[in-house]
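Listed below are the residues making up each chain.
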Amino acid sequence: MTERNLREQEVQIARYRLLEREVTDPLAAGLLHIIILELEADLQEKIGELLREPRHQ
């Protein structure tokens, strides 16, 4: 995963957060919140993997 991919996932999360704030249906808001939590967990995992990878110089 590249830094660009991480940035794209951060943007996707931000879009879902905005949508979560704008939606009026409580069920939809709850589902969006779950999606956001899963995307954030996935992003943290990918960042952790990148930090554990040895650097090639």
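For clarity, every value in this text was computed on a predicted model and none was experimentally measured. (Residues numbered from 1 in each chain as written. Predicted model: local features only at pLDDT ≥ 70, side-chain atom pairs only at ≥ 80, totals over all residues. Heavy atoms only, no water.)

**A short note on the side chain of Gln-9**
Within the secondary structure, Gln-9 is located in helix H1 (residues 3-22). Among the polar contacts made by the side chain of Gln-9, one reaches the side chain of Lys-46 at a distance of 3.3 Å. When neighbours within four sequence positions are excluded, Gln-9 is seen to be in contact with Leu-39, Asp-42, Leu-43 and Lys-46. (Helix = DSSP H or I, 4+ residues; strand = E, 2+ residues; numbered from the N terminus. Polar contact = N/O pair within 3.5 Å; in protein donor to acceptor, adjacent residues only side chain to side chain. Contact = heavy atoms within 4.5 Å.)

**As for the packing of H1 against helix H2 (residues 26-52)**
Two numbers describe how H1 lies on H2: the axes approach to 9 Å, and their chain directions differ by 160 degrees. Taken together, the axes of H1 and H2 lie roughly antiparallel to each other. In this structure, H1 crosses over H2, and the sense of that crossing is left-handed. Along the contact surface, H1 presents Leu-6, Gln-9, Glu-10, Gln-12, Ile-13, Tyr-16, Arg-17, Leu-19 and Glu-20, while H2 presents Ala-29, Leu-32, His-33, Ile-35, Ile-36, Leu-39, Glu-40, Asp-42, Leu-43, Lys-46, Ile-47 and Leu-50. The residue makeup of the contact of H1 with H2, split by class, is 12 nonpolar, three polar and six charged. (Axes fitted to C-alpha atoms, helices over the stretch in contact; angles between N-to-C directions. Parallel < 35°, antiparallel > 145°, perpendicular 65-115°, else oblique. Left-handed = near helix turned anticlockwise from the far one by under 90°. Nonpolar A, V, L, I, M, F, W, Y, C, P; charged D, E, K, R; others polar.)

**Quick look at the pattern of salt bridges**
Within the structure shown, the criterion is met by four salt bridges. Put simply, Glu-10 and Arg-7 hold a salt bridge, and the shortest N to O gap is 2.7 Å. Of this pair, Glu-10 and Arg-7 both sit in helix H1, separated by three residues, roughly a single helical turn. Judged by relative accessible area, which is 33%, Glu-10 ranks as partly exposed. Residue Arg-7 is classed as exposed on the basis of its relative accessible area, which comes to 54%. Lys-46 serves as the salt-bridge partner of Asp-42, at 2.9 Å between the closest nitrogen and oxygen. Of the two residues, Asp-42 and Lys-46 are both situated in helix H2; the distance of four residues between them amounts to about one turn of the helix. (Salt bridge = Lys/Arg side-chain N within 4 Å of Asp/Glu carboxyl O. Buried < 20%, exposed > 50% of the residue type's maximum accessible area, 1.4 Å probe, protein only.)

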